[in-house]
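# Tertiary structure, described
Listed here are the chains, written in short residue letters.
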Amino acid sequence: PLLIRHPLEDLETQANLRGVTLLADVAEDLPPIVGDAGRLSRVLGNLVNNALKFSPPAGRVFLRVARRSGGVEIAVEDSGSGMEPDVQLHVFDRFWHADRQGRAGSGLGLYICKGIVEAHGGRIDVESAPGTGSIFRFVLLQIGYGLQDCNLLHHRRNLREHVPIPGRAFIELGGDEVPAAPSR
């Protein structure tokens, strides 16, 4: 799917420069997911970029996209140093960042990812332990599963209220692209 291919193409050069192998396993049978292509690409790009940043040279970053009950799960796994449980409690907090090995960020990337995923009716989490790397996962609900009262217009309004980025096209992951109405 375009949502997966486009950010990966952009990050492949960065992975090569860092000496990190970027791998992907994308299922063929994905159900339709309606979403904002630009924002979901931003989430995926941020997660993969973070994974590259925290993986050592000769490490690997693995992206998995799979069908899950009621939706699609996108997971980004790195081969970095992992996180303590107290760090995991705060990674999605606004302006919070861990200075792991001198690679601190602004503290907004994962907070914004969480806002985008939740505005799509999904959820995001992290699984990690010191010395084992980290896996960031987000799950998006398929059309008609858990979103019965949420038509596309309401969904778009919800996204604009939570993460305002005007003029983005909506896509249907696992299906054909959905034409976007102009943003207001």
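Residues numbered from 1 in each chain as written. Predicted model: local features only at pLDDT ≥ 70, side-chain atom pairs only at ≥ 80, totals over all residues. Heavy atoms only, no water.

### Notes on helix H2 (residues 37-54)
Given a rise of 1.5 Å per residue, 18 residues ought to cover 26 Å, and the 26 Å separating the end C-alpha atoms of H2 matches this to within 8%. In terms of residue burial, H2 counts as a mostly covered element, since 15 of its 18 residues are buried. Between the side-chain oxygen at the start of H2 and the backbone nitrogen of Gly38 there is a gap of 3.0 Å, and the oxygen is on Asp36. (Helix = DSSP H or I, 4+ residues; strand = E, 2+ residues; numbered from the N terminus. Expected span 1.5 Å × (residues − 1). Buried < 20%, exposed > 50% of the residue type's maximum accessible area, 1.4 Å probe, protein only. Polar contact = N/O pair within 3.5 Å; in protein donor to acceptor, adjacent residues only side chain to side chain.)

### Comments concerning the pattern of salt bridges
Counted by the stated rule, this structure contains eight salt bridges. Here Lys114 and Glu118 are joined by a salt bridge, their closest N and O atoms 3.9 Å apart. One end of the pair, Lys114, and the other, Glu118, are both in helix H4 (residues 109-119), four residues apart, so they sit about a helical turn from each other. Judged by relative accessible area, which is 30%, Lys114 ranks as partly exposed. Judged by its relative accessible area of 42%, Glu118 is partly exposed. One salt-bridge network, in which partners are shared between bridges, spans Arg68, Glu73, Glu127 and Arg137. (Salt bridge = Lys/Arg side-chain N within 4 Å of Asp/Glu carboxyl O.)

### A look at the sheet that holds strand E5 (residues 123-128)
Backbone hydrogen bonds hold the strands of a sheet together, and the pairing may be parallel or antiparallel. If you walk across this open sheet you meet the five strands as E1-E3-E4-E6-E5, and the pairing is mixed. Taken across any chain shown, the strands that pair with only one partner, and hence form the sheet edges, are strand E1 (21-26) and E5. Strand-to-strand twist across the sheet, computed as the mean angle between neighbouring axes with direction ignored, equals 15 degrees. Pairing geometry for E5 and strand E6 (residues 134-141), over six bridges, is antiparallel. The residue bridging Glu127 from the neighbouring strand is Ile135, located in E6. Sheet strands touched by H2: E1, strand E3 (60-68), strand E4 (71-78), E5 and E6. Its angle to E4, the strand with the most contacts, is close to 25 degrees. (Pairing = 2+ DSSP bridges. Axes fitted to C-alpha atoms, helices over the stretch in contact; angles between N-to-C directions. Contact = heavy atoms within 4.5 Å.)

### Notes on the nonpolar core
Counting 33 residues, the largest nonpolar core has Leu47, Val48, Val76, Val91, Phe136 and Phe138 as the members making the most contacts within it. Broken down by secondary-structure element, the contributors of at least two residues to this core are helix H1 (2-18), H2, E3, E4, H4, E5 and E6. Per element, the largest residue contribution to this core is seven residues, and it comes from H2. Sequence-distant contacts of Leu47, that is, excluding residues within four places in its chain, are made with Val76, Leu110, Ile124, Phe136 and Phe138. (Core = buried A, V, L, I, M, F, W, Y, C linked by side-chain atoms within 4.5 Å.)

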